[in-house]
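Read off the chains here:
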Amino acid sequence: MPQDTKPPVWVLIVGCQAKDWPDVQAALAPQAQLVDALPADAVPALVLIDATEQPQRLPSRLDALRADPLCRSAPVLALAGPSAPVDEWLALGLSDVLQPPWSPARWRARLQPRLQLHQLAVLLREGQQHFETVLHQRSQSVALERDALLWTLALLAERRDHETARHLLRMQGYVRVLALGWRRLTGRLAELDDERLELMVRATPLHDIGKLEVPAHLLRKPGRLTPEEFAIVKTHTLRGHAALASAQAQLEVPCPLLTMAQEIALTHQERWDGTGYPRGLAGEAIPLSGRIVALATVYDALISVRSYKEALPHDTAVAVVCGCRGTHFDPQLVEAFERDHEAIRAVAARHADDADEMHRLIDAALRAPAKAADSPDGVAV
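Calculation rules
Residues numbered from 1 in each chain as written. Predicted model: local features only at pLDDT ≥ 70, side-chain atom pairs only at ≥ 80, totals over all residues. Heavy atoms only, no water. Axes fitted to C-alpha atoms, helices over the stretch in contact; angles between N-to-C directions. Helix = DSSP H or I, 4+ residues; strand = E, 2+ residues; numbered from the N terminus. Parallel < 35°, antiparallel > 145°, perpendicular 65-115°, else oblique. Left-handed = near helix turned anticlockwise from the far one by under 90°. Contact = heavy atoms within 4.5 Å. Nonpolar A, V, L, I, M, F, W, Y, C, P; charged D, E, K, R; others polar. Salt bridge = Lys/Arg side-chain N within 4 Å of Asp/Glu carboxyl O. Buried < 20%, exposed > 50% of the residue type's maximum accessible area, 1.4 Å probe, protein only. Phe/Tyr/Trp six-rings, centres within 6.5 Å; stacked < 30°, edge-to-face > 60°. Lys NZ or Arg CZ within 6 Å of the ring centre and 35° of its normal. Pairing = 2+ DSSP bridges.

### Overview of the packing of helix 9 (residues 236-249) against helix 10 (residues 256-267)
And step 1. Running from N to C, helix 9 and helix 10 point in directions that differ by 165 degrees, and their axes come no closer than 8 Å. Relative to helix 10, the element helix 9 lies roughly antiparallel. As for how helix 9 packs across helix 10, the hand of that crossing is left-handed. Where helix 9 abuts helix 10, its residues Thr-237, Leu-238, Gly-240, His-241, Leu-244, Ala-245, Ala-247 and Gln-248 lie against Leu-258, Thr-259, Ala-261, Gln-262, Ala-265 and Leu-266.
And step 2. In the contact of helix 9 with helix 10, the residues fall into eight nonpolar, six polar and no charged.

In structure tokens:
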């Protein structure tokens, strides 16, 4: 037969001189076990204090039980003589006062309901823990599936511009460092709590999702774009926002991650002085997420190999970013960037692209014939 693995129900007895403890144990067996000392980390279902002798010690015993974190939530009952001041003792915080005459039937009638309540509470707690565990596992599974789909979309967009998964990991790292630095610098915790910060980091890989609708030959053009070509490339902000908004509209309830991704996709090319695109927003009219991703985007472009340039050293890139304080970038973000630029450097090093690999990708693209805007690899605009 399988053994019962349920933990025992402990009833702690305080004051071992009571002559009736064996009768109490017999009345409660096998439901509960009386002990005068609890096993390690055990929580009693009940505490019974013998106050038939030395009743003056009852207050100090109660204080000691309240000070014990394992005992403070257990009901405490006192065994008392016939002349005990019951109301006075109940006022001390006792759950009940048991007076003679005593018998097994009376012990069971007075104590077993409390043990049953304890067991019910244990079952409810175990059920809640199981529910929370299953819910957490399910939530993690759903989050993993969602993030995998979002990363797939993000990587498709980045591949059209010679970018890699490492670029997206760098961007997430930069955004986290900059967001934490801005929060420390400004103290504006209400605008960027931990939940919003994590949403920002997770949504960052989708900042260029609109490039899926921009012809690849324009994104990979080695030389300077014509004004007409640049006007097409700039539409990636509006197109990305529209695509994410369309996805949001298919859901029955708003998705905060998609909302954040829309905000970033639309505003990460805006500039602090109002000369950016697509709306020419200026200052704090640009959402914080867009201002942060704008700086991260430029820094990563500066330190990365492109078809038209080699990568700049970190210190040179820092100088370029700092030179755009108050024009391209939020001055407070630039200050946070300056303070934490070594952490930014560490992110860049941890997720660095392989330079030879990037050169091979770029050389292959330059040797390939240009494709029309409406070719299979380039979406008509």
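### Observations concerning the pattern of salt bridges
And step 1. Inspection of every chain in the model, using the stated rule, returns 19 salt bridges.
And step 2. In this structure, Asp-340 and Arg-184 form a salt bridge, with 2.8 Å as the shortest nitrogen-oxygen distance. Taken together, the residues Asp-340 in the loop between helix 13 (331-339) and helix 14 (341-350) and Arg-184 in helix 5 (residues 165-186) connect sequence positions 156 residues apart.
And step 3. Overall, the relative accessible area of 18% leaves Asp-340 in the buried class.
And step 4. With its nearest N and O atoms 2.7 Å apart, the salt bridge here joins Glu-338 to Arg-325. Remark: Arg-325 occurs in the loop between helix 12 (314-323) and helix 13 and Glu-338 occurs in helix 13; sequence separation between them is 13 residues.
And step 5. The exposure class assigned to Glu-338 is partly exposed, which follows from its relative accessible area of 34%.
And step 6. A network of salt bridges, in which partner residues are shared, links Arg-166, Arg-170, Asp-300 and Asp-353.

### Some points on the packing of aromatic side chains
And step 1. Following the criterion strictly, the structure yields four aromatic pairs and no others.
And step 2. With 5.1 Å between their ring centres and 85 degrees between their planes, Tyr-174 and Tyr-299 make a pair best called edge-to-face. Pair noted here: Tyr-174 is in helix 5 and Tyr-299 is in helix 11 (residues 288-303), with a separation of 125 residues, a long-range link. An identical accessibility class is assigned to Tyr-174 and Tyr-299; each is buried.
And step 3. Between Phe-230 and Tyr-277, the aromatic rings sit 6.1 Å apart at their centres with planes inclined by 85 degrees, giving edge-to-face as the arrangement. With Phe-230 in helix 8 (residues 227-234) and Tyr-277 in the loop between helix 10 and helix 11, this pair connects stretches of sequence that are 47 residues apart.
And step 4. One aromatic cluster is present, built from ring pairs that chain together Tyr-174, Tyr-299 and Phe-337.
And step 5. Directly above the aromatic system of Tyr-277 lies the positively charged group of Lys-234, at a separation of 5.3 Å from the ring centroid.

### Concerning the sheet that holds strand 3 (residues 46-50)
And step 1. Strand order in the open sheet formed by five strands is 2-1-3-4-5, with parallel pairing between adjacent strands. The two strands at the open ends of the sheet, each matched to only one other strand, are strand 2 (33-35) and strand 5 (96-98). Each strand of the sheet is rotated relative to its neighbour by a mean of 25 degrees, with strand direction disregarded.
And step 2. Alignment of strand 3 against strand 4 (residues 76-79), held across four bridges, turns out to be parallel. By the bridge assignment, Val-47 is partnered in strand 4 with Val-76.
And step 3. Contacts from helix 1 (residues 21-28) reach strand 1 (10-14), strand 2, strand 3 and strand 4, with the element oriented near 150 degrees to strand 2.
And step 4. Packed on one face of the sheet, helix 2 (residues 58-67) meets strand 1, strand 3 and strand 4 and runs near 155 degrees to strand 3.

### Some remarks on unusual backbone geometry
And step 1. Following Ala-29, the chain continues to Pro-30 via a peptide bond in cis, the omega torsion being 0 degrees.
And step 2. Following the sequence through the fold, Pro-30 ends up in the loop between helix 1 and strand 2.
And step 3. A cis amide bond links Pro-100 to the next residue, Pro-101, at an omega of 5 degrees.
And step 4. Assignment of secondary structure puts Pro-101 in the loop between strand 5 and helix 4 (104-159).
And step 5. The phi dihedral of Asp-41 is positive, around 65 degrees, even though this residue is not glycine.
And step 6. By secondary structure assignment, the location of Asp-41 is in the loop between strand 2 and strand 3.
And step 7. We classify Asp-41 as exposed; its relative accessible area is 69%.
And step 8. Its identity as a non-glycine residue notwithstanding, Gln-54 has a phi of 50 degrees, on the positive side.

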